[in-house]
Amino acid sequence: MTAYQLPVFIPFTYLAFAVLIPLVGLWKRKLSHPMAVTGSGLAAGLSLYGFAAYVNTGPIHHTFGGWQPPIGIEFVYDGLSAFFLLVINMVAFLVLLHSKPVAAREFRGKRMPFYSVTMLLMLGFNGIVSTGDLFNLYVFLEISSLSSYGLIAIGNRHAPFAAFRYLVLGTIGGSMYLLGLGFLYISTGTLNIIDMAAMLPHFAGKPPVLTGLILMTVGIGIKAALFPMHGWLPDAYTFASSTSSALIAPTGTKVGAYILIRVLLYLFGIESMDAVFKVSSVLGMLAGAGILYGSIMAIAQSELKRMLAYSSVSQIGYIIMGLSLANPAGFVGAVLHVLNHAAMKACLFLVAANLRFREGHSNIRLFNDTYRKKYPWTMACFTVAAVSMVGLPPMAGFFSKWYLVLGTIANANWVLLAVILMSSLLNAVYFFRVLEKVYMKNPDKESPAGEEAVVMNREVKPLMLAPVVILATGIIVIGIMNMSVVSYILKMFPG
Amino acid sequence: MCDFFLGHYSYWLTMFLLCIGLYGVLMKKNLVKKTIGLTILQSSIILFYVSIAAKWDATVPISDPSRPVTDASNYLNPLPHTLMLTAIVVGVATLGVAFALLMAIFNRYQSLDEQEILDMIE
C-alpha cells in the first residue's frame, strides 16, 4: 500500500468489516465484537500512519478510476481531514473496545447487526471527512445518518420514537443541504470542492449562491445540532443504549462541525461568506445562545446522560462560535475544541455507561459518597473530564476556551466573550453538583460507623475501565502538549 | 414581473411542492403523515435537479447522428439526472428505516399520534 491509496483505505476498512461481520457472525456470533474492534483499530492505525504521511509529504489526492478532477471524483487527505480522521477513529476504537459487556447485556441477540451498523456509521463519517466532492459528501452524510437512526433505535422503550424524530429532522437537514448544493451547482457547474472554491469569489453575493449558502448552513446545522435546531439530540442520546450514545455523541456532531468548517471557511472563504450580510455574526449569535441554553438546561437535568446531552448542545456552540469568529485564534479554538470535546464527551459517556452497567441507573439524585469507594477509578476519570469541561488548566478544555477567548478579543466581540466566561461558571455548577454528591459526605445522612466497611470495591472489569482511563489520561496529555497541536492547527487556517 | 414568475414556473412549482412537504412534516401530528411529507419534500428536490438539467431545443444525452456531439447545447445535462438516481436510492432507504421505526413505535404504544405518544413518555 502506498500513501496514494491511503484516503480510500481508511473508509474502505470500515466497509469491508461492515460486510464481513454479518458473514462471520452467521458462523460464530461471539466473533462480532473482536472483529469490530479489529476494524476500528485498523482504521485508527491507518489514520495515525496517514497523519504521519501528511506531516512528512503534504496533502494526498486520490482520483477514482484515473479521471482527473473536476470531472472525476477525488478523495482529499489534507490537514483538516487528517486531524478529524485521527480524532473520530481513535474515539471509535476506544468506545468499541469498551462495548463488549454492555452490548452483551443490553441487546444480547442483536450484537452482530449492531456491530455491522456501527461499521457503516463510521464508514459514513470517514467518507464525509475524506471526500473532495460535495455530492459524495451528501451520500456519505446519508449513510452515516441512516446508520445512526438504527443505532439510536436500539435502546430503551422510548428509543424508536426518539430515533424517528431524529430521522424526520435529519432527513429535512439532508434535503436542505442537497437543495443548497443544487443552487451552487447552477451557479458554478462543478461539484468538486477545490474547483468550486476557486470559482465562488466571482459569484459572491449573487442570489443563487446566497440561497445555497443559507440552505446548506441550515441543513448541516440540523445535523450538527446547532441551536435552535438541536431538538432531536437530548432524547436521542438519553434513550439510546449506553454504547450507541458513547459512540455517536463524540463523533456525530463533530462531523457536522467539520462539514460547516469545510463549507464555510474552505469552500466559501471568509469574504464570500459575508458578502451580502454577515452570515458569520448570525452563526456567532446562534452559537452563543446555544451555549447558554445548553448549559442552563443541563443544570435542570437529574439524569446523567440527559445532562451530558444538553452539555453537548452547549459544547457544539463553542465549536461553531470559534469558526464564526473567522480569525486564526478562533479557528484554533474551534478545531482544538473538537479534539478536546471528543475526548471529554467520550470519557463522560463511558463513565455513565459504567455506572449504568453496575448500578442499573445513572440518576444523579441517587448518587452518594459510597460511589467514591465503589468506583475509585471511574469516578477519578469522571473528575478529570468534568474539570476539563469546566476549563481549569492544565486540562485540555482550558486551552480551547483560552483560544476562543483570544478570538473574541481579537474581533472586539464582547458579548461572546461574556458568554464564554458565563458558560464556564454554568458548567461548573452542573459538574460540581455531581462531584459534590460523590466526594463530599452528606451531613444529614450520617451513617453508623460500622456501615463504612460494608462498601466494597465494585469497580468494572479492566476491559471497560481501560478506555476510560486512556481518555482521561489523553485529556491531561493534550492539555500539556497543546502547543504542538495548536501549531499544527494554525497551519490549516485558510487564507 | 410577469416574466419572473412565468420564466421560472418549474422552480415555483417545485418550491410549492417543497412547502407542502415541509408543512406535512412539521404540522401534521400523525407519524405516517409526517413520513408522507418527507417523501414529498425529497421528491420536490429531485424534480428541482431534473429541471435544472433542461435546455431549449436539446435532446436526451444519447448520441444522435443529426446533432453534433461537439456542441453541448444539443444535449441535456446528464449529470443532475445521475445525481438524482443516487438521491432516489437514499430516499427509498430513508423510507424503509422510517417504516421499520414506525412498526416498532406502534408495537410499543399502540398509537401513531405524536401527542399521545409524548403524553405516554411523560
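Residues numbered from 1 in each chain as written. Chains lettered and ligands numbered in written order. Predicted model: local features only at pLDDT ≥ 70, side-chain atom pairs only at ≥ 80, totals over all residues.

### Describing the overall build of chain A
When you go through chain A residue by residue, the secondary structure sums to 20 helices and 2 strands. Relative to the compact-globule value of 23 Å for 495 residues, chain A shows a C-alpha radius of gyration of 22 Å, a close match. For chain A, the C-alpha atoms occupy an extent of roughly 80 × 60 × 45 Å along the three principal directions. Expressed as a percentage of its 495 residues, the buried residues of chain A come to 59%. Sequence separation of 24 or more characterises 80% of the internal contacts of chain A that already satisfy a separation of 6 or more. (Helix = DSSP H or I, 4+ residues; strand = E, 2+ residues; numbered from the N terminus. Rg over C-alpha atoms; globule rule 2.2 N^0.38 Å. Buried ≥ 20, exposed ≤ 12 C-beta atoms within 10 Å, placed from the backbone. Contact = placed C-beta atoms within 7 Å.)

### Here's the deal with the overall build of chain B
Scanning chain B from terminus to terminus reveals 5 helices and 0 strands. Counting from the amino terminus, helix and strand elements in chain B follow one another as α-α-α-α-α. A compact globule built from 122 residues would reach a C-alpha radius of gyration of about 14 Å, whereas chain B, at 20 Å, exceeds it by more than 25%. For chain B, the spread of C-alpha atoms along the principal axes amounts to about 65 × 35 × 15 Å. Residue burial in chain B is summarised as follows: out of 122 residues, 23% are buried. Partitioning the contacts of chain B with sequence separation of at least 6, the portion at a separation of at least 24 is 45%.

### A short note on the pairing of strand β2 (residues 74–77) of chain A
Each regular strand carries side chains that alternate between the two faces of the sheet. Residues and elements named next belong to chain A. Judged by which residues are buried, β2 turns out to be covered on both faces: E74 and V76 on one side and F75 and Y77 on the other are all buried. With 4 bridges connecting them, strand β1 (residues 60–63) and β2 associate as antiparallel partners. Across the sheet, residue I60 finds its bridge partner in β2, namely Y77. (Pairing = 2+ DSSP bridges.)

### A closer look at helix α6 (residues 134–153) of chain A
End to end, α6(A) covers 29 Å across 20 residues, agreeing with the expected 28 Å (1.5 Å per residue, within 8%). Counting buried residues along α6(A), 20 of its 20 residues qualify, which places the element largely inside the surrounding structure. (Expected span 1.5 Å × (residues − 1).)

### Description of the interface of chain A and chain B
Contacts between chain A and chain B engage 22 residues on the former and 25 residues on the latter. Looking at which element gives the most residues to the side of chain A that touches chain B, the answer is helix α7 (residues 159–188) of chain A, with 13 residues. The residue inventory of the side of chain A that touches chain B, partitioned by class, reads 15 nonpolar, 5 polar and 2 charged. (Nonpolar A, V, L, I, M, F, W, Y, C, P; charged D, E, K, R; others polar.)

### Some points on the environment of A396(A)
All names here are of chain A. For A396, the position within the fold is in helix α17 (residues 396–410). Among the residues examined, A396 registers 30 C-beta atoms within 10 Å and is labelled buried. A396 sits 77 residues away from T473 along the chain, and the two C-alpha atoms are 10 Å apart.

### A look at the packing of helix α5 (residues 111–130) of chain A against helix α11 (residues 242–273) of chain A
Residues and elements named next belong to chain A. Interhelical geometry of α5 versus α11 gives an angle of 25° and a closest axis separation of 10 Å. Classified by the angle between their axes, α5 and α11 sit roughly parallel to one another. As α5 runs across α11, the sense of the crossing is left-handed. Counting all contacts with α5, which are made through T118, F125, I128 and V129, the residues of α11 involved are L247, T251, V255, Y258 and I259. Looking at the contact of α5 with α11 residue by residue, the classes come out as 7 nonpolar, 2 polar and no charged. (Axes fitted to C-alpha atoms, helices over the stretch in contact; angles between N-to-C directions. Parallel < 35°, antiparallel > 145°, perpendicular 65-115°, else oblique. Left-handed = near helix turned anticlockwise from the far one by under 90°.)

### Overview of helix α14 (residues 328–359) of chain A
All names here are of chain A. Look at α14: 45 Å from first C-alpha to last across 32 residues, which is about the 46 Å you get at 1.5 Å a residue. With 27 of 32 residues buried, α14 is to be regarded as a mostly interior element. A positive phi of about 85° marks G360, the residue just after α14.

### Overview of unusual backbone geometry
Omega for the peptide link from P69(A) to P70(A) comes to 10°, which places this bond in the cis form. Note that P70(A) resides in the loop between β1 and β2. Residue P394(A) is reached from P393(A) by a cis peptide bond, and omega for that bond is 5°. By the element assignment, P394(A) lies in the loop between α16 (376–390) and α17. For A326(A), which is not glycine, the phi dihedral falls at a positive 55°. On the secondary structure map, A326(A) appears in the loop between α13 (304–325) and α14. You can call A326(A) buried: it has 25 C-beta atoms within 10 Å. A positive phi angle, near 60°, is found at D57(B), a position not held by glycine. Structurally, D57(B) is set in the loop between α3 (31–52) and α4 (78–109). When the 7 C-beta atoms within 10 Å are taken as the criterion, D57(B) is described as exposed.

### Describing the confidence of the model for chain A
Counting all residues, the mean pLDDT for chain A is 88, and 96% of those residues have values of 70 or more. Here helix α15 (residues 370–374) of chain A is the element of chain A with the lowest mean pLDDT, 81, and α6(A) is the one with the highest, 94. (pLDDT = per-residue confidence, 0-100.)

### Considering the environment of I40(B)
You can see I40(B) is positioned in helix α3. As for I40(B) and L17(B), which are separated by 23 residues in sequence, their C-alpha atoms are 6.9 Å apart.

### So, the confidence of the model for chain B
All names here are of chain B. For chain B, per-residue confidence averages 89 on the pLDDT scale, and residues scoring 70 or more make up 99% of the total. Mean pLDDT across the elements of chain B bottoms out in helix α1 (residues 2–6) (77) and peaks in α3 (94). Scoring the predicted complex yields pTM 0.93 and, for the interface, ipTM 0.94.

### Some points on the environment of V50(B)
All names here are of chain B. With respect to the secondary-structure elements, V50 resides in helix α3. The exposure class assigned to V50 is partly exposed, which follows from the 16 C-beta atoms found within 10 Å. When the C-alpha atoms of V50 and N77 are compared, they prove to be 9.3 Å apart, with 27 residues separating the residues in sequence. Those residues in contact with V50 that sit more than four places away from it in its chain are P80, H81 and M84.

### A closer look at the nonpolar core
Of all hydrophobic cores here, the largest spans 202 residues; its most connected members are A163(A), A346(A), C347(A), A385(A) and I475(A). When near neighbours in sequence (up to four residues on either side) are disregarded, C347(A) contacts C381(A), A385(A), V468(A), L471(A), A472(A) and I475(A). (Core = buried A, V, L, I, M, F, W, Y, C linked by C-beta atoms within 7 Å.)

### Considering the packing of α14(A) against α16(A)
Helices that pack against each other are described as a pair by the angle of their axes relative to one another and the distance between those axes. Residues and elements named next belong to chain A. Where α14 meets α16, the closest approach of the two axes is 9 Å, and the angle between their N-to-C directions is 145°. α14 and α16 meet at a crossing whose hand is left-handed. Taken together, the residues of α16 that come into contact with α14 (itself represented by N340, M344, C347, L348, V351 and N354) are T378, C381, F382, A385, S388 and M389. Tallied by class, the residues present in the contact of α14 with α16 amount to 8 nonpolar, 4 polar and no charged.

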